[in-house]
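Secondary and tertiary structure notes
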Amino acid sequence: MMKNETARPKVLAVTSGKGGVGKTNIASNLAICFAANNNKVLLFDADLGLGNVDVVINADSNYNLTHVLSGYKTLEEIITIAPGGVEIICGGSGVEELANISPFQLQRLLDDFETLQNNSDMIVIDTGAGIHNSTISFCQAADHVVVVTTPEPASMTDAYAMIKVLASRDYPGQISLVVNMAASVVEGKRIYRQISQVAARFLNIQIYEAGIICKTEKLVASVRKRLPVVLNYPKSRITADFVTMAARLTKTQVKRIEQESFFRKVVNLFL
Ligand SMILES: Nc1ncnc2c1ncn2[C@@H]1O[C@H](COP(=O)(O)OP(=O)(O)OP(=O)(O)O)[C@@H](O)[C@H]1O
Ligand SMILES: [Mg+2]
């Protein structure tokens, strides 16, 4: 099949400067919303530290990329099907280990990833927090980077720092901002405007508004229950906000036409 704009799955990286701002919850709930629209969605947990997609989404994934690299499992075998029909792969410390495997092994793995990518409509990456090489590589290789911030000043500063790094590397895709844990939509919009105005003025780049998610006890309760909030409270305000955000992010045009597969790009940037 000829790969073109429409055939290639869209890759969306959810990232942040500061940790604990809600990336994993946002990536998981968005992935479920995308899947609910009849998309085949792959959620990749690329957090090198304590990856926790499987905790939020309650998928018992006993295996991660390290088991593939050690030859114990195939890539296909470490996929877990999560609630909502989302396929999950956990990177574990495997992403960093990629640097140490043989070129032959790497080639095989990348071929497997390519097959996986071709079988998906959408790939959502939950990156680690902070400006690490691997996080930046995942973002740079993605079509769309969704930066998460909260109204907290430290989180805003770190979100801006992340945007600045992407700008300095001439990131060609789209950058959108989520303001999470906002006290109100008004506050969230104000935070969005502040960051996007500074980015426009000093970095000369446009930051799109992915949406505002307010602080709610419903999300905390859902994490405790290990059930993503959109499944735990399907009729709530926060679920409606995730549905709207997913629709907005889906509409974005993928402008780049590239032959190279996503994971190959990550590896080329990272290694
Ligand atoms: N909208 C929200 N309302 C209330 N609490 C929230 C909200 N979003 C996130 N939280 C709280 O923040 C915690 C951390 O969320 P999450 O694990 O998604 O963040 P993260 O950015 O992935 O963290 P890390 O950087 O450690 O990977 C949640 O367990 C929850 O308690
Ligand atoms: Mg996380």
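Residues numbered from 1 in each chain as written. Chains lettered and ligands numbered in written order. Predicted model: local features only at pLDDT ≥ 70, side-chain atom pairs only at ≥ 80, totals over all residues. Heavy atoms only, no water.

A few points about the overall build of the chain
On a plain count of helices and strands, the chain comes out with twelve helices and eight strands. The globule rule puts the C-alpha radius of gyration for 271 residues at 18 Å, and the 17 Å found for the chain is close to it. In terms of overall dimensions, the chain has a C-alpha envelope of 55 × 40 × 35 Å along the principal axes. Counting the 271 residues in the chain, one finds 56% classified as buried. Relative to all contacts within the chain whose residues are 6 or more apart in sequence, the contacts with residues 24 or more apart total 79%. Averaging the locations of the 27 positively and 25 negatively charged side chains of the chain gives two centres separated by 9 Å. (Helix = DSSP H or I, 4+ residues; strand = E, 2+ residues; numbered from the N terminus. Rg over C-alpha atoms; globule rule 2.2 N^0.38 Å. Buried < 20%, exposed > 50% of the residue type's maximum accessible area, 1.4 Å probe, protein only. Contact = heavy atoms within 4.5 Å. Lys, Arg positive; Asp, Glu negative; His and termini not counted. Charge placed at Lys NZ, Arg CZ, Asp CG, Glu CD.)

Describing the pattern of salt bridges
Using the criterion set out here, one finds seven salt bridges in the structure. Close ionic contact of Lys18 with Glu152 constitutes a salt bridge, the shortest N to O distance being 3.5 Å. With a gap of 134 residues between them, Lys18 in the loop between β1 (10-16) and α1 (23-36) and Glu152 in the loop between β6 (144-149) and α7 (153-168) connect regions that are remote in the sequence. The salt bridge involving Arg264 is made with Glu114; its shortest N-O contact spans 3.5 Å. Of this pair, Arg264 sits in helix α12 (residues 262-270) while Glu114 sits in helix α5 (residues 103-118), and the two are 150 residues apart along the sequence. A single network of salt bridges, built from pairs that share partners, joins Asp111, Glu114 and Arg264. (Salt bridge = Lys/Arg side-chain N within 4 Å of Asp/Glu carboxyl O.)

Things to note about the state of the cysteines
By definition, a disulfide is the covalent link that joins the sulfur atoms of two cysteine residues. The final tally for this structure, using the stated rule, is zero disulfides. With no disulfide of its own, Cys33 lies 16 Å from the sulfur of Cys214, the closest cysteine sulfur. Here Cys33 falls in the buried class, since its relative accessible area comes to 8%. (Disulfide = S-S within 2.5 Å.)

Observations concerning the packing of aromatic side chains
Taken as a whole and assessed by the stated rule, the structure comprises seven aromatic pairs. Where Phe44 meets Phe113, the ring centres are 6.1 Å apart and the plane angle is 65°; that geometry is what we call edge-to-face. Residue Phe44 is found in strand β2 (residues 41-46), and its partner Phe113 is found in helix α5; the two are separated by 69 residues along the sequence. One exposure class covers both Phe44 and Phe113, and it is buried. (Phe/Tyr/Trp six-rings, centres within 6.5 Å; stacked < 30°, edge-to-face > 60°.)

Concerning empty space enclosed by the protein
All told, the structure shown has three cavities of 30 Å³ or more when counted by the stated rule. Considering only enclosed or pocket space, the second largest cavity measures out at about 60 Å³ in volume. Looking at the second largest cavity, the residues that line it are Phe44, Leu65, Val95, Leu98, Leu110, Phe113, Phe138, Phe263, Val266 and Val267. Breaking the lining of the second largest cavity down by element, the ones donating at least two residues are α5 and α12. Per-element tally for the lining of the second largest cavity: the top contributor is α12, with three residues. (1 Å grid on protein atoms, 1.4 Å probe; cavity = no way out; pocket = protein on both sides within 12 Å on 5 of 7 lines; lining within 4 Å. Points joined across faces, edges and corners; volume = space filled by probe spheres on them.)

Overview of the environment of Ser61
Along the chain, Ser61 turns up in the loop between α2 (53-56) and α3 (65-69). The exposure class assigned to Ser61 is buried, which follows from its relative accessible area of 15%. When the C-alpha atoms of Ser61 and Ile89 are compared, they prove to be 8.1 Å apart, with 28 residues separating the residues in sequence. Excluding residues that lie within four positions of it along the chain, Ser61 makes contacts with Asp54, Thr80 and Cys90.

Observations regarding the layout of surface pockets
In this structure, the largest pocket encloses a volume near 320 Å³. Counting residues per element, the lining of the largest pocket draws most heavily on α1, which supplies three residues. For the lining of the largest pocket, the residue count by class is nine nonpolar, eight polar and three charged. (Nonpolar A, V, L, I, M, F, W, Y, C, P; charged D, E, K, R; others polar.)

Some points on the packing of helix α6 (residues 133-141) against α7
It is the contact of α6 with α7, at a shortest axis distance of 11 Å, that shows an interaxial angle of 60°. In terms of orientation, α6 lies oblique with respect to α7. Our pair here, α6 against α7, has a crossing hand that is right-handed. Contacts between α6 and α7 involve Thr135, Ile136, Cys139 and Gln140 on the former and, on the latter, Met162, Val165 and Leu166. Residues belonging to the contact of α6 with α7 are distributed by class as follows: five nonpolar, two polar and no charged. (Axes fitted to C-alpha atoms, helices over the stretch in contact; angles between N-to-C directions. Parallel < 35°, antiparallel > 145°, perpendicular 65-115°, else oblique. Left-handed = near helix turned anticlockwise from the far one by under 90°.)

Overview of the environment of Tyr63
Residue placement: Tyr63 occurs in the loop between α2 and α3. Judged by its relative accessible area of 29%, Tyr63 falls in the partly exposed class. In this structure, the C-alpha to C-alpha distance between Tyr63 and Gly91, residues 28 residues apart in sequence, is 9.0 Å. Once you skip the residues sitting within four places of it in the chain, Tyr63 turns out to touch Tyr72, Lys73, Ile78 and Cys90.

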